[in-house]
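Tertiary structure, described
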Amino acid sequence: MLSEGGSFMKGMAVGGIFCLGLSLFGSFSPATEHGPGEHHHHHVKAPSKDELTRLSDGHVLELVNQVRVSCIIMVQPKILVYWATVLDTWSKHCDKAVFYTSESSKALEAVDLNEKDDWARLRKALKHAYENAGDLRWFFVAKATTFAIIENLKHLVLTKDPEEPFYLGNAMKSGELEYVAYESGLVLSYEALKRLVNVFEDEEKCPERGHALWTMSEDKQLAVCLKYTGVFAENGEDSHGKGLFNSKSVDSLITDSMRDNPTNVVEGCCSDLAVTFNGMSPNQMQVMMFGVYRLRPYGHDFHDLLVFQPPEGSDND
Amino acid sequence: MKNLTSNFIFTTGLLMGFFSLHFLLDSNSIKGTRGHFVKHDHHHAVKNQTPVDKSNGTIRILCWIMTMPKYLETRTQHVRATWAKHCDRVLYMSSRSTDFPTVGLNVSEGRENLYWKTIRAFQFLHQHHMHDMDWFLKADDDTFVVLENLRHTLSRFDTEKPWYLGRRFAPFIKKGYMSGGAGYVLSKEALRRFITGFQTGKCTHFSAIEDMALGKCMETMEVELGDTRDEKGRQTFHPFPLDHYVIRTPPRRRPWFMIYDFYTPIEGPGCCSDFAVSFHYIRPPQMYVLEYLTHHLRAYGYRYRYHPDDKTKSNTTEHVEVQSPT
């Protein structure tokens, strides 16, 4: 009898260790639940023209006021030229733009978080942005190496309620984890940011020094923490289903399209209302400002339902 | 018998251990708060927005592209796939005719024959298209042109007058000449005078530098050089790509690539008109990039700063006066 009991205990022990081992390897994660009937919507589409025309003028005006964006831009002295370029280009189109740095620079101003660890730094920046949100309800997080068109971001979230949790961008998958890629920019609604800042306090669910035995990139860490609060990554798309958050530069995407759609290069490439591009040089960002905010064919009128005024005191847009 | 039982008990233990731990871990798992999950409106695909075209449809522009057999695949086909579609008529001029289709000029290729090609090309145009076209644009197979903006620029000039338009260069010719790479335009009267010049011997093939040589003939035949800058004095034709002009630089002496400019060039965002007409040294990927930036990518709802047609402005009734040569 004793030997049988011993056998049993050995069995249990082996079974238990086996289970633990698998969970640590992440690919089998008992910590993530996908129960039956739980259907995740993985994309958020920009409103169609029809949808917008159905809204009353008063409602549209309300939405324009509500859809103000606070930009959280992560910089470092070692990418000073990008920092200066973002300051001079797309960040001027944010309703509020705050630069967060790992260490201060004599040349440019930023909130010095004095934090070398990327994940810890991102946490601090998000917390600071939340505490200083004022009446802004949408948050755009980007590194200075990303180029963004804020008007198109506003168009994407125009009819979405920031009191609902939204976590949007270029949604990617790593095993079971769906997350928004950092380099293509992240969008968080007020509710999502609120939940995130709250879960930061939970050292078990969202530790400051990261989860697993190895370090995950900050964007994946963020996704894990948000998942605990019931917020899931969603892909930002235009009304045709084209991704709006690009992990590559315009040149790179066009070159890919020349290879993949040689008879329809531009149509097969990128959205007319793209929100972000990544991997563009500072000079290319200056060219983009002209390309997006100035260069156009004479005589075309888009009859957009909203009007976004150009920023004050700027001469390159 | 005992071994079998032993194994059985071991296996049971293994399974129990595995699943109880799984259960334990699972109860700590994240549960989705379904009640708060986002609502989505599933939008049906929107038909392409067709912008309202206010351009003057009655200005007919013939584009002729200076090219050669070896560049048809690598360069010219991308011109054809992008901006050339907007020309009222486009002709690809080469040493010999092909199914591209190209017009054969019966001139050999090579730098030394460039002006011969130009002369033959204009003779062809004069012979075949004086009746159905109003303006004649010459461009290279690495020039990118925004036809709508060219049409807008041309709208203030009279094609029955002798007009020669483009990016004005100062050297060699007293009143200057227009850059070949940036693209130049001749009015019908200018084309008549060019042909007459060669018929009468007043114009000759004295040089292979085609843009400068053509400028000399224009001067001889008393064709006027038009100013194609916009109301803010910003250039529309550009002999180099956009990044040569629009990048901010501290004030400096003219860089080498602006040495020839007749009008004092501006560096930085004030260089170039919103309604830019051309850029040069544009390789195929850049052709598509410019096509994307000009005709596709935009900032939704953005109110552009530059509105030359704004009727609410009190200081402009007729935005540009029609210039006439003396």
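Here the residue index of a chain counts from 1 through its sequence in written order. Chain letters and ligand numbers both follow the written order, the letters beginning at A and the numbers at 1. With the structure being a predicted model, the display of local features is reserved for residues of pLDDT at least 70 and the display and counting of side-chain atom pairs for 80 or more, all residues being used for whole-chain, interface and lining totals. As a rule here, side-chain values come from all non-hydrogen atoms in the structure, and water together with hydrogens is ignored.

An unreviewed UniProt entry annotates chain B as Glycoprotein-N-acetylgalactosamine 3-beta-galactosyltransferase 1 of Dissostichus eleginoides. On record in UniProt, under Pathway (unreviewed entry), the comment for chain B is "Protein modification; protein glycosylation." The Cofactor (unreviewed entry) comment attached to chain B in UniProt states, word for word, "Mn(2+)". UniProt positions are given in the numbering used here, feature names are shortened, and annotations may be inferred rather than shown by experiment.

Going by the annotation in an unreviewed UniProt entry, the name recorded for chain A is C1GALT1-specific chaperone 1, with Dissostichus eleginoides given as the source organism. Per its UniProt entry, chain A bears the Subcellular location (unreviewed entry) comment "Membrane". In the Sequence similarities (unreviewed entry) part of its UniProt record, chain A is described as follows: "Belongs to the glycosyltransferase 31 family. Beta3-Gal-T subfamily."

1. What about the state of the cysteines?
All names here are of chain A. Any pair of cysteine sulfurs within 2.5 Å is marked as a disulfide. Evaluation of the coordinates by the stated rule reveals 6 disulfides over all chains. Shown here is the disulfide that connects C206 with C225, its sulfur atoms set 1.9 Å apart. In this structure, the disulfide formed by C206 and C225 twists by about 95 degrees around the S-S bond and is classed as right-handed. Residue C206 is found in the loop between α7 (190–199) and α8 (218–228), and its partner C225 is found in helix α8; the two are separated by 19 residues along the sequence. Of the two residues, C206 and C225, neither departs from the other in class, the shared state being buried. By sequence-ordered numbering of the bonded cysteines, chain A has its disulfides arranged as 1-2, 3-4, 5-6. The helix count covers DSSP runs of H or I at least four residues long, the strand count covers runs of E at least two residues long, and both are numbered beginning at the N terminus. Only protein chains enter the calculation, and the probe is 1.4 Å; a residue is then buried if its accessible area is under 20% of its type maximum, exposed if over 50%, and partly exposed in between.

2. Topic: helix α6 (residues 210–220) of chain B
Residue and element names in this part refer to chain B. The element α6 is largely enclosed, with a buried count of 8 among its 11 residues. Every buried residue belonging to α6 is among E210, D211, M212, A213, L214, G215, C217 and M218, and all of these are buried. Just beyond α6, the residue with positive phi is E222, at close to 60 degrees.

3. Description of the packing of aromatic side chains
For Phe, Tyr and Trp, rings pair up if their centres lie within 6.5 Å, where Trp contributes its six-membered ring, and each pair is then called stacked (planes under 30 degrees apart), edge-to-face (over 60) or tilted (otherwise). One pass over the full model with this rule turns up 27 aromatic pairs over all chains. Relative to Y190 of chain A, the ring of Y130 of chain A has its centre 5.5 Å away and its plane inclined at 35 degrees; by these criteria the two rings are tilted. Residue Y130 of chain A is located in helix α5 (residues 118–131), and its partner Y190 of chain A is located in helix α7; the two are separated by 60 residues in the primary sequence. Here the aromatic rings of W256 of chain B and F257 of chain B are separated by 5.4 Å at their centres, their planes lie at 85 degrees, and the arrangement is edge-to-face.

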